[in-house]
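Residues per chain are reported as follows:
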Amino acid sequence: MISAREKAIRYIMIVLWLVLAVVSLLISGWLVVEPGAISSEAISAFGGILLAGVGITIIVFNLGDNYQPPISHFLISILLLLLGGVVFLFFPDQGVALPNLEGDITAKLANLLLFLLVGFAGIWAGLLFFRENPAQNRELAVKYFTWLSVLIPLGVLVFFVSYTIIEGSSVINWQFISSSTNLMMGKVGIFPAIMGTFSLIIGATVLAVPLGVGAAVFLTEYAKRTWIRQAVGVTADCLWSTPSIVFGLFGYVFLVPRITGHSTLLAGQIILAAMLLPLTIATSTEALSSVPDEFRSGSLALGASRWWTIRKVILPSSVPSIITGILLGIGRIAGETAPIMLIAVASNTSAPSFLTSSFPYFQLGSLFREVDALPYRMYSIYKAGVGGSIDEAWGTALVLIVLVLMFYGLGITVRSYYRRRRGW
Amino acid sequence: MFNDQGNKEGILDLPNQTAVEIRNLDVYYGEENAIEDVSLDILRKKVTALIGPSGCGKSTLLRSINRMNDLIDGAKVEGIVKVDGNNVYSKGLQVSRLRQKVGQVFQKPNPFPKSVYDNVAFGPRAYKHHLRKEKGGLSSLTSFFESGEKSPIDGRHMDKVVKDSLEQAALLDEVEDKLHKSAMDLSGGQQQRLCIARCLATKPEIILMDEPTSSLDPISAGRIEDLIEDLSTDYTVLIVTHNMQQAARISDKTALLWLGELVEMSETEELFENPEKELTEKYITGRVG
Amino acid sequence: MINDQLKEKISPRFLLASVVFISFSVLFTFFVLFQTFNVYLFLLVVAGVVIGWIFYEDSTAKALLFAASTSAGTILILIASFLFIRGLPAFQEDPIFFIIGSEWDVYGEVYSLGPMIWGSIIVTLGATALAAPLGVSSAIFIGKFAPKWLRGILKPAIELLAGIPSVVYGFLGFVLLNRAIMDYFDISNLGQYFAPSIILGFMALPTIASVAEDAIDAVPTHLEKGALALGVTKWQAIKEVTLPSASSGITAALILGIGRAMGETMAVTMMIGHKTAFPSPLYDIFEPGETLTSLIASQIGEASGQSIDALMGAGLLLFFVVLALSVTSRLIQSRLQRRFRQG
């Protein structure tokens, strides 16, 4: 016994099917009649519209949970899926070729979309029809589709990283990493950029970490009212989502005239610190609030002051998570280009140096000079035209990716190591 | 003694054997009245048990003695709590001194994720640090450099304090060879005795225990009970328990709290054998609660 | 009564705190307004902190921590106010033309952001169309279907996707994707709206996935278990119970993802065609174009005078749009959290 709703749905489906079939026949017929149009266009138009029809049919069919369509529907959809794939792969120029859509780009896109849609519908239908219980099969289908949707971005990630490794590994050698570019001698090296990136992130870390961890400590240990926590949370969120180019603009109008009037390492460090700060606040707040309250009350009950409790109990037991957050944050800012582009960098400068051979053995002059940085090096190669120095770009990209992955890997290792070890 | 200004009148009119004097105590959590007009005395070097059904305000009463209620948002305390004749809610009282004199052992063992030694030495180190800060000037400046985990203020004296406290808590034999291993690796019963040792290391006079055996197995609980009896020769112990047998076994005096009010307080034997109030009898025979 | 630790007379602690606070404020104001950094005031602040640390360690620590907690707000206010001061002139002359006009000509000194705003919208829409379904369904898989060990791998892997620097994405996209699209679709220009929106989709995906995953995770499992106890399948329980409860969190994730895509700079700058005009027809995603971010990034280096003003105006617009998106997202999230805390 089927319900009236399902009956209605089936009628609608049948009508849709008929309409689609008629329309596709008409179109293909029109195309066939049209002189000189008897080509793959006709096939693809017919196929594409039929595919759409099947997709819609299947979706409509599956609206009712208790209805079990015969297996032949599934076979048809698989067949049409294959056909769609053939059309898409072998006649990329044709598409559904609706006559009023000039320009084959749109047709190609429509073809691509149709292929994806029908592929989806076909696999879906397969999973639905092979088993007895449609509800369970639907769960299986969802599971596979969501799994697929994780695999796609991961596939992109793996592809990008491995492509960079393949292209870049032939460029990288000791000389490339440890020396600077000397055009007279035909030598290419990115040492100043590596040192510049390190100086930028070290400075940013030194500035941002005390502020960020301090803010987190204040929020979790002292601020009693929730609105203070929320206010700082919201500002940190806003700061985190502020576009990186806006940070650059801000540095350009605020910091640069207040430091030397031209690009300096210091300005870059400060702006990167401002970008690192919200991440540090967020991760440290999370780390500190995961410290059990028993530790706090235990320490305070022994007569320790708030600050002593923080210093001796709370901070030591949350340090691994805080460090993880900082490392991940550094991984983020290490590759930032837009903020430092305007305020801190220039290509082919020498590496910043803070150590001298005579007393007092260090100098801060480099803070007030421009640096080179890995991400900026990549951008300047792009701007100069990739053609000439594409090898250098691949090498730089590889070094940059390895650097970022290093920070991420380190952070994740620290996290998983201490998560297993900690006793609460 | 822990109150700089001192509360001179308090000391004079207090009988010497009273360690804690509570008068007309009211505690509110927001709108809720958790303790209603409770007055009682806790005798020096005796074990006093607080019994009553859950949610009757036993732990709240306990926490109002060492001012741990301050940590709870929205908690408000009215009335007088005198420890050694000093009102703990008076202005200018140093809470850290109070808590060092009035130790607390919690329901769940809560050792810090540090070594056994550092756990026990935690209180004394904090105390020394605070003392130097109070003196101010140069000594506090030096304390900044000295207050690390392995600091010179520890010395041999600290070793002795740690060992004595562990000995008193009947734990030294079990942990002597792993003093510098993490306290989180000990068993639950050992952790709770470590917490008692940690509390003893600050040389308290009063020890507050908030259902200290409720998260332990019967054997560990028995050892803690033995330990409490030993401690009562030197310390004033106030223990919250919902286990009436435990109260009968270890306490000298027992108080029954009911919905935030004190029903009855008397010698333990008397309370359990011929209670004055009908409610008490009903509660200890299990007809209510 | 308890917390009333105030003393009636002025304590030295209070005096010290006020001296430090006032000198710090003066120092800060001077730096912001008059571009000078006064070393003596700075030393006064440092000395105050040191003295405070020696004598009143607890209160000094608290004061310093409080100061740290205001840092994020201070920076945000500084950014907003300086962008406002520098960006407003561009809007003052003819705000409507500046926003919806169709011409950006540096030589003719005609500036309007219409094409760039349109470009940002197209690219962001494209990125969202890719990232939203993939991100949300990844979140469902990671949050509900993946076994625990797989979850431990997938979550950091998705994080890593956000970690690849945008300049690397831009370079890879430029070298691989732009060319591939040009060849496959047989079009004549290298940069278009289409390619960067695909790359941006993958860059915004981790944000969507992780925030949506948090939202799905935050739904108490007893709700779902209750449904399972009635005999429905796991997916039915997720669809009927978990996803509706998490829907506002997922919305927040999408808004945040849109904000990310809109603010992303380098990848777009390297992949788009840099043509400051509307595409024709308007929906032609294969024409070269420009977005707000790529406009600023590519032109600020050579800009001067009036064009700096116009670029600042673009920055101001971008900042406030993204700010509004992220505040909205945050509001939705906090409302969600409140509901589950009460329920």
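Residues numbered from 1 in each chain as written. Chains lettered and ligands numbered in written order. Predicted model: local features only at pLDDT ≥ 70, side-chain atom pairs only at ≥ 80, totals over all residues. Heavy atoms only, no water.

Describing the overall build of chain A
Argument step 1. When helices and strands are counted, chain A shows 15 helices and two strands.
Argument step 2. Taking all 424 residues of chain A together, the buried fraction comes to 54%.
Argument step 3. Pairs at least 24 residues apart make up 72% of the contacts formed inside chain A by residues separated by at least 6 positions.
Argument step 4. Carbon and sulfur atoms make up 69% of the accessible area of chain A, which amounts to about 19200 Å² in all. (Helix = DSSP H or I, 4+ residues; strand = E, 2+ residues; numbered from the N terminus. Buried < 20%, exposed > 50% of the residue type's maximum accessible area, 1.4 Å probe, protein only. Contact = heavy atoms within 4.5 Å. Areas by Shrake-Rupley, 256 points an atom, 1.4 Å probe, with all protein chains shown as cover.)

Digging into the side chain of Asp118(B)
Argument step 1. Mapped onto the secondary structure, Asp118(B) falls in helix 4 (residues 116-135).
Argument step 2. Side chain to side chain, Asp118(B) and Arg125(B) meet in a polar contact 3.1 Å long. (Polar contact = N/O pair within 3.5 Å; in protein donor to acceptor, adjacent residues only side chain to side chain.)

Focus on helix 9 (residues 244-259) of chain A
Argument step 1. Maximum bend of helix 9 of chain A: about 40 degrees, positioned at Gly251(A).
Argument step 2. Just beyond helix 9 of chain A, the residue with positive phi is Gly261(A), at close to 95 degrees. (Bend = angle between axes of the 7 residues up to and from the residue.)

A closer look at a negative patch on the surface
All names here are of chain B.
Argument step 1. On the surface, a cluster of negative charge is contributed by Glu267, Glu269, Glu270, Glu273 and Glu276.
Argument step 2. Of all the elements, helix 11 (residues 268-273) adds the most residues to the negative patch, at three residues.
Argument step 3. With respect to the secondary-structure elements, Glu270 resides in helix 11.
Argument step 4. Judged by relative accessible area, which is 40%, Glu270 ranks as partly exposed. (Patch = residues over 30% accessible without salt bridge, like charges linked within 9 Å, V, L, I, M, F, W, Y side chains within 5 Å. Salt bridge = Lys/Arg side-chain N within 4 Å of Asp/Glu carboxyl O. Lys, Arg positive; Asp, Glu negative; His and termini not counted. Charge placed at Lys NZ, Arg CZ, Asp CG, Glu CD.)

Points about the interface of chain B and chain A
Note: interface size is frequently given as the accessible area lost on complex formation between the parts.
Argument step 1. In this assembly, 29 residues from chain B lie in contact with 20 residues from chain A.
Argument step 2. Linking chain B with chain A are one salt bridge, by the criterion used here.
Argument step 3. A salt bridge links Glu294(A) to Lys108(B); the nearest nitrogen and oxygen atoms lie 3.1 Å apart.
Argument step 4. The interface formed by chain B and chain A contains three residue pairs in polar contact (both at pLDDT 80 or more).
Argument step 5. Mapped onto the side of chain B that touches chain A, the elements with two or more residues apiece are helix 3 (95-101), strand 6 (102-105), helix 4 and helix 8 (188-200) of chain B.

Structural notes on the pattern of salt bridges
Residues and elements named next belong to chain B.
Argument step 1. Following the criterion strictly, the structure yields 22 salt bridges over all chains and no others.
Argument step 2. Across the pair Arg44 and Asp84 runs a salt bridge, and its minimum N-O distance is 3.1 Å. A residue pair is termed long-range when its members are at least 10 positions apart, and Arg44 in the loop between strand 2 (32-43) and strand 3 (47-51) and Asp84 in the loop between strand 4 (75-83) and strand 5 (86-87) qualify at 40 residues.
Argument step 3. Arg44 sits in the partly exposed class, given a relative accessible area of 31%.

Some points on empty space enclosed by the protein
Argument step 1. One pass over the full model with this rule turns up eight cavities of 30 Å³ or more.
Argument step 2. Within this model, the largest cavity holds a volume of roughly 480 Å³.
Argument step 3. Forming the boundary of the largest cavity are 30 residues, of which Arg332(A), Glu336(A), Ala162(C), Arg260(C) and Glu264(C) lie nearest the centre.
Argument step 4. Those elements that place two or more of their residues in the lining of the largest cavity are helix 8 (226-241), helix 9, helix 10 (265-289) and helix 12 (306-334) of chain A together with helix 7 (148-163), helix 8 (166-184), helix 9 (194-218) and helix 11 (234-263) of chain C.
Argument step 5. Its residues assigned to classes, the lining of the largest cavity comprises 16 nonpolar, 10 polar and four charged. (1 Å grid on protein atoms, 1.4 Å probe; cavity = no way out; pocket = protein on both sides within 12 Å on 5 of 7 lines; lining within 4 Å. Points joined across faces, edges and corners; volume = space filled by probe spheres on them. Nonpolar A, V, L, I, M, F, W, Y, C, P; charged D, E, K, R; others polar.)

What to know about the sheet that holds strand 2 of chain B
Hydrogen bonding along the main chain pairs the strands of a sheet, whether they run parallel or antiparallel.
Residue and element names in this part refer to chain B.
Argument step 1. The strand order across the open sheet formed by four strands is 2-1-4-5, and the pairing between neighbours is antiparallel. A strand with exactly one partner marks an edge of an open sheet, and here the two such strands are strand 2 and strand 5.
Argument step 2. Summarising the sheet, strand 1 (residues 18-29) and strand 2 pair through eight bridges and their orientation is antiparallel. Residue Leu25 lies in a different strand from strand 2, and its bridge partner there is Val38.
Argument step 3. Its contacts with the sheet put helix 2 (residues 58-65) on strand 1, strand 2 and strand 4, and the angle it makes with strand 1 is roughly 120 degrees. (Pairing = 2+ DSSP bridges. Axes fitted to C-alpha atoms, helices over the stretch in contact; angles between N-to-C directions.)

Remarks on the environment of Glu229(B)
Residues and elements named next belong to chain B.
Argument step 1. Residue position: Glu229 is located in helix 9 (residues 218-231).
Argument step 2. Counting along the chain gives 22 residues from Glu229 to Ser251, while the straight-line C-alpha distance between them is 8.2 Å.
Argument step 3. If near-sequence neighbours (up to four positions away) are discounted, Glu229 is found in contact with Arg249 and Ile250.

A look at the interface of chain C and chain A
Argument step 1. Taken residue by residue, the interface counts 88 residues in chain C and 85 residues in chain A.
Argument step 2. Carbon and sulfur atoms supply 78% of the area buried between chain C and chain A, which totals about 8100 Å² over both sides.
Argument step 3. When the area that chain C buries against chain A is broken down by residue, the three leading residues are Leu65(C), Phe171(C) and Arg330(C), summing to 8%.
Argument step 4. Connecting chain C to chain A are two salt bridges.
Argument step 5. Connecting chain C to chain A are eight residue pairs in polar contact (both at pLDDT 80 or more). (Buried area = accessible area lost by both parts, 1.4 Å probe.)

A closer look at the packing of helix 9 of chain C against helix 11 of chain C
Relative placement of two packed helices is described by the angle separating their axes and the distance separating the axes.
Residue and element names in this part refer to chain C.
Argument step 1. Taken N-terminus to C-terminus, the directions of helix 9 and helix 11 make an angle of 150 degrees; their axes are 8 Å apart at the nearest point. Classified by the angle their axes make, helix 9 and helix 11 are roughly antiparallel. Considering only the axes of helix 9 and helix 11, their crossing is right-handed. In this structure, helix 9 contributes Leu200, Ala204, Thr207, Ile208, Val211, Ala212, Ala215 and Ile216 to the contact, and helix 11 contributes Thr242, Leu243, Ala246, Gly249, Ile250, Ala253, Leu254, Leu256, Gly257, Arg260 and Ala261. (Parallel < 35°, antiparallel > 145°, perpendicular 65-115°, else oblique. Left-handed = near helix turned anticlockwise from the far one by under 90°.)

Quick word on the nonpolar core
Argument step 1. Of all hydrophobic cores here, the largest spans 196 residues; its most connected members are Ile79(C) and Leu113(C).
Argument step 2. Setting aside residues up to four positions removed in sequence, Leu113(C) forms contacts with Phe98(C), Ile99(C), Gly101(C), Trp104(C), Leu292(C), Leu295(C), Gly313(C), Ala314(C) and Leu317(C).
Argument step 3. With 44 residues, the next largest nonpolar core counts Val105(B), Val161(B), Cys199(B) and Ala201(B) among its residues. (Core = buried A, V, L, I, M, F, W, Y, C linked by side-chain atoms within 4.5 Å.)

Let's talk about the sheet that holds strand 8 (residues 236-240) of chain B
Residue and element names in this part refer to chain B.
Argument step 1. In spatial order, the strands read 6-7-8-3-9-10; together these six strands make up an open sheet with mixed pairing. The open sheet has two free edges, formed respectively by strand 6 and strand 10 (261-267), since each of these has just one partner strand. Across this sheet, the average inter-strand angle for adjacent strands is 15 degrees, counted without regard to direction.
Argument step 2. In the sheet, strand 9 (residues 253-258) pairs with strand 10 via six bridges, with the strands oriented antiparallel. What sits directly across from Lys253, in strand 10, is Glu267.
Argument step 3. Against the sheet, helix 8 engages strand 6 and strand 7 (206-210), with an angle of about 170 degrees to strand 6.

Some remarks on the confidence of the model for chain A
Interpreting fine coordinate detail is not advised for predicted regions of low pLDDT.
Residue and element names in this part refer to chain A.
Argument step 1. Per-residue pLDDT for chain A averages 75, and the proportion of residues at 70 or more is 63%.
Argument step 2. Counted against residues more than four places away or in other chains, residues 28-40, with its pLDDT under 50, gives 13 contacts.
Argument step 3. Predicted confidence is poor over residues 92-103, with pLDDT under 50, and the contacts of this stretch with residues over four places away or in other chains come to 23 contacts. (pLDDT = per-residue confidence, 0-100.)

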